[in-house]
Amino acid sequence: QVQLVESGGGLVQAGDSLRLSCAVSGRTFRYYAMGWFRRPPGKEREFVAAIGWNGATTYYADSVKDRFTISRDNGRDTVYLQMDSLKPEDTAVYYCATPTSRFTNAQDIRAADAYWGQGTQVTVSS
């Protein structure tokens, strides 16, 4: 019933920016924390960012802090990932996720059972 659809990926050059979107349906969006993860080629999935239910609390992986910004619009049931100063090592399939339980806080989303989107490809050339 819960669906997450990512969009906004593409091919860019190092130093460029992209804004990813994730539209959520099938639940009351504003009650749940949200997160972004990515899977670089040849590597396992890794945490990127998370945001609390009301957008007041955010968390970032060290590799993306000061470059990426997670935000949400509870009126549009959408979470965003603004990616600036992109690097080739940011190349990955990016996924948004929401925990299956509304009691999971943003800081715990990395270890929580979650619903996942289909992913959107981000490729950053040198």
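Position labels on residues start from 1 in each chain and follow its written sequence. In view of the model being predicted, local features appear only for residues whose pLDDT reaches at least 70, and side-chain atom pairs are presented and counted only at 80 or more, with totals across whole chains, interfaces and linings using the full set of residues. Side-chain descriptors were evaluated using all non-hydrogen atoms of the structure, hydrogens and water having been removed beforehand.

(A) Representation of the state of the cysteines within the structure. Here, the term disulfide refers to a pair of cysteine sulfur atoms separated by no more than 2.5 Å. One pass over the structure, following the stated rule, counts one disulfide. In this model, C22 is linked to C96 through a disulfide, with the two sulfur atoms separated by 1.9 Å. Across the disulfide from C22 to C96, rotation about the S-S bond amounts to roughly 50°, and the bridge is consequently right-handed. Of this pair, C22 sits in strand β3 (residues 18-25) while C96 sits in strand β9 (residues 92-99); the two residues are 74 residues apart in sequence, bridging distant segments of the chain. Only protein chains enter the accessibility calculation, which uses a 1.4 Å probe; a residue whose area is less than 20% of its type maximum is buried, one above 50% is exposed, and one in between is partly exposed. On the basis of relative accessibility, which here comes to 0%, the residue C22 falls in the buried class. With a relative accessible area of 0%, C96 lands in the buried category. Helix and strand definitions here come from DSSP, where helices need a minimum of 4 consecutive H or I residues and strands a minimum of 2 consecutive E residues; each element is numbered from the N-terminal end.

(B) Spatial organisation of unusual backbone geometry. Although it is not a glycine, D66 sits at a positive phi angle of roughly 75°. Checked against the element boundaries, D66 lands in the loop between β6 (58-60) and β7 (68-73). The exposed category is assigned to D66, whose relative accessible area is 79%. Positive phi values are uncommon outside glycine, yet S85 reaches one of about 50°. With respect to the helices and strands, the residue S85 is situated in the loop between β8 (78-83) and β9.

(C) Local environment of the pairing of β8. Judged by how many residues are buried, β8 sits mostly within the fold: five of six residues are covered. Both β3 and β8 contribute to a ladder of six bridges, which runs antiparallel. When the bridges of β8 are listed, R19 appears paired with Q82. Sheet topology note: the β7/β8 ladder contains six bridges and is antiparallel. Residue I70 lies in a different strand from β8, and its bridge partner there is L81. Paired strands are those between which DSSP finds at least two bridges.

(D) How the structure looks around the nonpolar core. By size, the foremost hydrophobic cluster in this structure holds 34 residues, and its most contacted members are W36, V79, L81, M83 and Y94. Counting residues per element, the ones that place at least two in this core are β3, β4 (34-39), β5 (46-51), β7, β8, β9 and β11 (120-125). Ranked by residues supplied to this core, first place goes to β5 with five residues. Joining through side-chain atoms within 4.5 Å is the link that ties buried Ala, Val, Leu, Ile, Met, Phe, Trp, Tyr and Cys residues into a set, and such a set is a nonpolar core.

(E) Just the pattern of salt bridges, in detail. Any carboxyl oxygen of Asp or Glu that lies within 4 Å of a side-chain nitrogen of Lys or Arg is treated as forming a salt bridge with it. For the coordinates displayed, the defined rule picks out six salt bridges. For the salt bridge of R38 with E46, the shortest nitrogen-to-oxygen distance reads 2.7 Å. Of the residues examined, R38 reaches a relative accessible area of 3% and is grouped as buried. In this structure, D62 and K65 form a salt bridge, with 3.4 Å as the shortest nitrogen-oxygen distance. We classify K65 as partly exposed; its relative accessible area is 43%.

These results come straight from atomic positions and should not be treated as a statement about function.
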